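Observations on the three-dimensional arrangement
Spelled out, the chains give:
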Amino acid sequence: MKKRILIWIFLVITVGGVFFTAFTAYRFSNITELAIKHSAETIRNIYLYSTNKDEALNVIRDMPNIEDVKIIRNKNIHTIYQNLNTFILPINSDESIFIQFKFLKEFENQKYQVILETIIINILFIVISNLLINWLVTPYLNFFEDLKRSIQQAKNGNFNRKLHTKLKNEMKDVIDTYNSFLDQLDKNFNLITKNLQILIPKIPRKKDKLVSVQENMEMLANINKFKKIIEDDANIGEIYNRLIDILEHKFKLNSFKIYAILNQKKEIKVVYQKNANCCEIKIPALCRAYRTGKEINSIKFPHICSECMGNNNYICIPFSTGGTFTGVLNINFTEEEEEHIKSIIPYIEAYLNESSSIIEAKYTLNLMKQNSVTDQLTGLYNRRYLEEIINKIAATTIRSDSLIGILLIDIDYFKQVNDTFGHDAGDEVLKELSKVLITNLRDSDFAIRFGGEEFLVILQNIKKEEDILKVAEKIRKTFEITKIVVSAKTIKKTISIGVSIFPKDTKKIWEAIKYADLALYEAKRNGRNKIVKFNSKLLENADNS
Ligand code: GH3
Ligand code: MG
Ligand code: MG
């Protein structure tokens, strides 16, 4: 731009100068020619109005500057301009006067000298004025050129291009203010990036600080939003689903697997996998990322994990808050995807960190809830759980017009086991009965440790009464033949079962449990290892006793 402006100024001055020179030369020659013409006409008039024509001719001939003068005969001649120094002017209808001036050479020399001087003066003027303009205008043009580049770079997030000038006037103030403004911007953006790094470690630094800060702030806002949403999620499954959605759709991961290490670090299970064939880890300790608590990266260290079976590159990121839960995200990628994966890892880590604390909190809460409703010895639900759910189940059963089978189970002569083999042997028998119950029930049924060696089984969605008795009989028989190893001996025990049916026997669920207890009492009374179904007679007996 600067060059263009200078060239234009130079051209205007140069062309103007040339025109001025040509015009001056033209005007000069015109004026001179007019003067000579006037001299010729004056001489003709001297001759014309003199009385002695010959003498007049002689006088004219003696004039300085006159080369030749003579009278020539010809008719109808007007002024003839031959050369610049030769004229033939008419004096009457038959004669003309021929006048030849001497000073043509001198005149021409003078003319060229004037033109030359004009040209030289003009060239000097052109050169001086161009130099002057160059000297005056260039710093301003340089300033604008510099400012343009600096603004361009600032627009692209680089605030390091300061302006420099030799100008000492108000421009210097403008430039100083602009430079300190750039400094301020640079410092602020660096500070924001530094603070962002606290929240998203390993944040990628881009050349364009403006875009970098804008992208990272947006990412941070999204991570924060994500955290708020998963805090309110009802269960861990929902959190995983959100995380998977982000990994798949936001970060465009084509192949990945999420492992969860649970159960006091004894169990590793696959939570989700997409096109992942990198590893099939069955024991937590075999997972290098989990064991070391560090990111495992096959780009930095090829073949670092001996469990990896695939050919792709992989990055495994452990995420944990150091408590009861650890997750591991295994990402597999091709060489073409490498750059993309590298750029998103810090953000994925930020999402995983946010998730891990909330997954852990929910996991611990679940565990506590589970513990509070589970019997420690047998792993079955306890009475508290029954109290929590029984009314809901009763209502559903009445609405769906189905039946609930209630089995109250008591081990026969259980005290003998304790007395003969000790309390631990008794515990072993309780565990064996629990296993029998679990293996003989459907998913919708559940077994509860109701009391010391008493168990309650709830059979849901029963359509026919006989089905209840069939299940009860299966349980009784299976336990009867179960060999239990206690204190290096094998023993066998039996159970008695009292059965009631809700809402057939009574519409009050707790009453139905009581009726099962009455039936159990009857089974014991009738010799044990028996199943007794409740009937109203049992109620009369109970009233009488
Ligand atoms: P019955 O056939 O009449 O049921 O005879 P029983 O010996 O089983 O008599 P009862 O049902 O009254 O015996 C209950 C015994 O169960 C008493 C208690 O010592 C024992 N017991 C209760 N809870 C536990 C436990 O958690 N572990 C062990 N080992 N024994 C328990
Ligand atoms: Mg008992
Ligand atoms: Mg008993």
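Refer to the preceding data block for the structure.
What you are looking at is a predicted structure, and each value in this text was computed from that prediction instead of being measured. All residue numbers refer to position in the chain's written sequence, counted from 1. To label them, take the chains in the order written and letter them from A, then take the ligands in the order written and number them from 1. The predicted nature of this model means local features are confined to residues of pLDDT at least 70 and side-chain atom pairs, given and counted, to a pLDDT of 80 or more, with totals for whole chains, interfaces and linings taken over all residues. Side-chain measures here rest on the full set of heavy atoms in the structure, leaving out hydrogens and waters.

**Structural notes on the packing of aromatic side chains**
Put simply, two rings from Phe, Tyr or Trp (the six-membered ring, in Trp's case) pair if the centres are within 6.5 Å, and we call them stacked under 30 degrees between planes, edge-to-face over 60, tilted for the rest. All chains considered together, the criterion is met by 11 aromatic pairs. With a centroid separation of 3.7 Å and an interplanar angle of 15 degrees, the aromatic rings of Tyr 381 and Tyr 385 are classed as stacked. Aromatic rings pair up to connect Phe 226, Phe 251 and Tyr 351 into one cluster. Our definition puts a charge over a ring when NZ of Lys or CZ of Arg is within 6 Å of the ring centre and also within 35 degrees of the ring normal. When the ring centre of Phe 450 is taken as origin, the NZ or CZ atom of Arg 383, which lies over that ring, is 4.1 Å away.

**Some remarks on the coordination of the magnesium ion (ligand 3)**
Any two of four tetrahedral donors ideally make an angle of 109.5 degrees at the metal, while pairs among six octahedral donors ideally make 90 or 180 degrees. Donor selection uses N, O and S atoms within 2.8 Å of the metal (3.2 Å for Na, K and Ca). Since no water is included, sites may look incomplete. In the first shell of the magnesium ion (ligand 3), the protein supplies Asp 410 (OD), Ile 411 (O) and Glu 453 (OE), at 2.0 to 2.3 Å from the metal. Its 6 donor atoms give the magnesium ion (ligand 3) angles of 76 to 177 degrees at the centre, a pattern that matches the octahedral case. Between consecutive donors of the magnesium ion (ligand 3), the numbers of intervening residues give the motif D-I-x41-E. The metal-metal distance between the magnesium ion (ligand 3) and the magnesium ion (ligand 2) comes to 3.4 Å, with Asp 410 coordinating both. Residues Asp 410 and Ile 411 agree in their burial class; the two are buried. Metal sites are grouped by the angles between bound donors: all angles between 85 and 135 degrees with four donors is tetrahedral, opposite donors over 155 degrees apart with the others between 65 and 115 is square planar for four donors and octahedral for six, and any other pattern is irregular. For every residue, the accessible area obtained with a 1.4 Å probe (protein chains only) is divided by the maximum for its type, and the residue is called buried under 20%, exposed over 50%, and partly exposed between those limits.

**Things to note about the side chain of Thr 378**
For Thr 378, the location among the structural elements is in the loop between helix H8 (338-372) and helix H9 (383-399). For Thr 378, a relative accessible area of 13% corresponds to the buried category. Polar contacts involving the side chain of Thr 378 include one to the side chain of Asp 375, which spans 2.5 Å. Polar contact is defined as a pair of N or O atoms within 3.5 Å, subject to the rule that within protein one atom must be able to donate a hydrogen and the other to accept it, and that residues adjacent in sequence are counted only when both atoms are side-chain atoms. Within the local environment of Thr 378, its side chain forms a polar contact with the backbone nitrogen of Leu 380, the two atoms lying 3.2 Å apart. Should any heavy atoms of two residues lie within 4.5 Å, those residues are counted as being in contact. Residues contacting Thr 378, with those up to four places away along its chain left out, are Leu 430, Ser 434, Arg 449 and Phe 455. Put simply, DSSP marks the helices as runs of H or I at least four residues long and the strands as runs of E at least two long, and each gets a number from the N terminus on.

**Describing the pairing of strand S15 (residues 495-502)**
Consecutive residues of a regular strand have side chains that alternate between opposite faces of the sheet. Summarising burial for S15: 8 of the 8 residues are buried, a large majority. Side chains of S15 alternate between two faces, with Ile 495, Ile 497, Val 499 and Ile 501 and Ser 496, Gly 498, Ser 500 and Phe 502 buried alike. Pairing analysis gives 3 bridges linking S15 to strand S16 (residues 531-533), with the strands arranged parallel. Bridge pairing in S16 links Ile 497 to Ile 531. Note on handedness: a clockwise path from strand one over the helix to strand two, with the strands aimed away from the viewer, defines a right-handed crossover. For the crossover from S15 across helix H13 (residues 509-525) to S16, the handedness is left-handed. One requirement defines pairing of two strands: DSSP has to find at least two bridges between them.

**Describing the packing of H9 against H13**
Between N-to-C directions, angles cover 0 to 180 degrees, with each direction set by a line fitted to C-alpha atoms, over the stretch in contact for helices. In contact at an axis separation of 10 Å, H9 and H13 are set at 110 degrees when each is read in the N-to-C sense. Judged by the angle between their axes, H9 and H13 are roughly perpendicular. On H13, the residues that touch Leu 386, Glu 387, Ile 390, Asn 391 and Ala 394 of H9 are Ile 509, Trp 510 and Ile 513. Asp, Glu, Lys and Arg are counted as charged, while Ala, Val, Leu, Ile, Met, Phe, Trp, Tyr, Cys and Pro are counted as nonpolar; the rest, among them Gly, fall into the polar class. The residue makeup of the contact of H9 with H13, split by class, is 6 nonpolar, 1 polar and 1 charged. Reported orientations rely on four angle classes, namely roughly parallel under 35 degrees, roughly antiparallel over 145, roughly perpendicular from 65 to 115, and oblique for the rest.

**A look at the sheet that holds strand S7 (residues 296-297)**
The strand order across the open sheet built from 5 strands is S6-S5-S9-S8-S7, with neighbouring strands paired in antiparallel fashion. Strand pairing shows two members of the sheet lacking a second neighbour, strand S6 (267-274) and S7, which therefore form its edges. Where strand S5 (residues 256-262) and strand S9 (residues 326-333) come together, 6 bridges link them in antiparallel fashion. Paired with Ala 260 across the two strands is Gly 327, which belongs to S9. Its contacts with the sheet put helix H6 (residues 236-250) on S5, S6 and S9, and the angle it makes with S5 is roughly 150 degrees. Across the sheet, H8 lies against S5, strand S8 (313-320) and S9, angled at about 30 degrees from S8, the strand it touches most.

**Looking at unusual backbone geometry**
Omega for the peptide link from Phe 502 to Pro 503 comes to 0 degrees, which places this bond in the cis form. By the secondary structure assignment, Pro 503 is in the loop between S15 and H13. A positive phi angle is found at Ser 487, which is not glycine, with a value near 45 degrees. Mapped onto the fold, Ser 487 is located in the loop between strand S13 (484-486) and strand S14 (489-491). Even without a glycine there, the phi angle at Asn 529 is positive, about 50 degrees. Take Asn 529: it is sitting in the loop between H13 and S16. Residue classification places Asn 529 among the partly exposed residues on the basis of a relative accessible area of 22%.

**Quick look at the nonpolar core**
Ranked by internal contacts, the top residues of the largest apolar core, which has 38 residues, are Leu 247, Phe 251, Leu 253, Leu 329, Ile 331 and Ile 348. Elements with a minimum of two residues in this core: helix H5 (209-231), H6, S5, S8, S9 and H8. A per-element tally of this core places H8 first, with 11 residues. When residues no more than four places from it in sequence are discounted, the contact partners of Ile 331 are Leu 253, Ser 255, Phe 256, Asn 313, Tyr 314, Ile 315, Ile 317, Ile 341, Ile 345 and Ile 348. Side-chain atoms within 4.5 Å link the members of a nonpolar core, which is a set of buried Ala, Val, Leu, Ile, Met, Phe, Trp, Tyr and Cys residues.

**Some points on the site of ligand 1**
Any residue with at least one heavy atom within 4 Å of a molecule or strand is counted as near it. Taken together, 16 residues form the shell around ligand 1, and within it Asp 410, Tyr 413, Lys 415, Arg 449 and Glu 453 come nearest. At 2.8 Å, a side-chain N or O of Asp 427 approaches a nitrogen atom of ligand 1. Here an oxygen atom of ligand 1 and a side-chain polar atom of Glu 453 are 2.7 Å apart. Sorting the residues of the shell around ligand 1 by element identifies strand S10 (403-411), helix H10 (414-421) and helix H11 (423-439) as the ones contributing at least two each. No other element matches the 4 residues that H11 contributes to the shell around ligand 1. Class assignment for the residues of the shell around ligand 1 results in 4 nonpolar, 4 polar and 8 charged.

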